[in-house]
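# Structure at a glance
Listed below are the residues making up each chain.
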Amino acid sequence: MMALLFLALAFQAPSPTVSGDHCTATLVADVQSAAPGQEIRVGVKFNMDPKWHIYWINPGDSGLATSIKWHESPGLNFGELQWPAPMRFTGAGAVGYGYEESVLLFSKVRVSDEAKVGDRIRVGADVSWLVCEEACIPGGGKVWIVLS
C-alpha cells in the first residue's frame, strides 16, 4: 500500500503554485501565448501571511535571499531577475531587507525567432525562500506553466 502511495505522489502533475508554511509562490506570465521573436515577462508571485516576510537579493544582517532558478527551456532566453525596492526590517539588533504581503519577482524572456507558431512553451523554475516573523521557516519547490 505504501508503494502505491509513493508512486501516486511521484507522478503528480507539476503545478504553477507551490505552498509552504506562511508563503505561497505562483508562476505567472504576462501572456497566455507567445510568438517567435516576442519578448514576454515571466515571474513568481509570492504571497505571505500577515506579519510574515521573505528576503530581497541582499537580505541584510540576517535571513537568506529568495531564489528563482529558471529551467533553461529550448528557444527561451531569460534576462536578469528584477527585484522591486525592498522594505527594511529591524529586530534583535539586526537589519534585514525584504517583502511583506506579496511581491512579484520577474524576468524578461525572449522567445527564439526559430520557435514555431502554435508550439507549446513550458516555463518552469525552482524557487526557494525563507519566510520569517519571529521564527523563520524555509520553503520552496518547483513551479511551471505552459504557454501556447
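That block above? That's the structure.
To start, this report covers the structure provided alongside it. Nothing here was measured: the structure is a model prediction, and the numbers come from that model. (Residues numbered from 1 in each chain as written. Predicted model: local features only at pLDDT ≥ 70, side-chain atom pairs only at ≥ 80, totals over all residues. Heavy atoms only, no water.)

### Quick word on the sheet that holds strand E1 (residues 17–20)
The strand order across the open sheet formed by five strands is E1-E2-E3-E9-E6, and the pairing between neighbours is antiparallel. What marks the edges here is a single partner per strand, and that holds for E1 and strand E6 (76–78). The sheet shows a mean angle of 25 degrees between the axes of neighbouring strands, direction not considered. In this sheet, strand E3 (residues 39–48) lies alongside strand E2 (residues 23–29) in antiparallel orientation, the contact comprising seven bridges. Within the sheet, the bridge partner assigned to Ala25 lies in E3 and is Phe46. (Pairing = 2+ DSSP bridges. Helix = DSSP H or I, 4+ residues; strand = E, 2+ residues; numbered from the N terminus. Axes fitted to C-alpha atoms, helices over the stretch in contact; angles between N-to-C directions.)

### Examining unusual backbone geometry
For Lys51, which is not a glycine, the phi torsion comes out positive at approximately 75 degrees. Along the polypeptide, Lys51 turns up in the loop between E3 and strand E4 (53–60). Located in the positive-phi region is Ala92, a residue other than glycine, with phi close to 55 degrees. When you line up the elements, Ala92 lands in the loop between strand E7 (87–91) and strand E8 (94–100). By relative accessible area, Ala92 is classed as exposed at 89%. (Buried < 20%, exposed > 50% of the residue type's maximum accessible area, 1.4 Å probe, protein only.)

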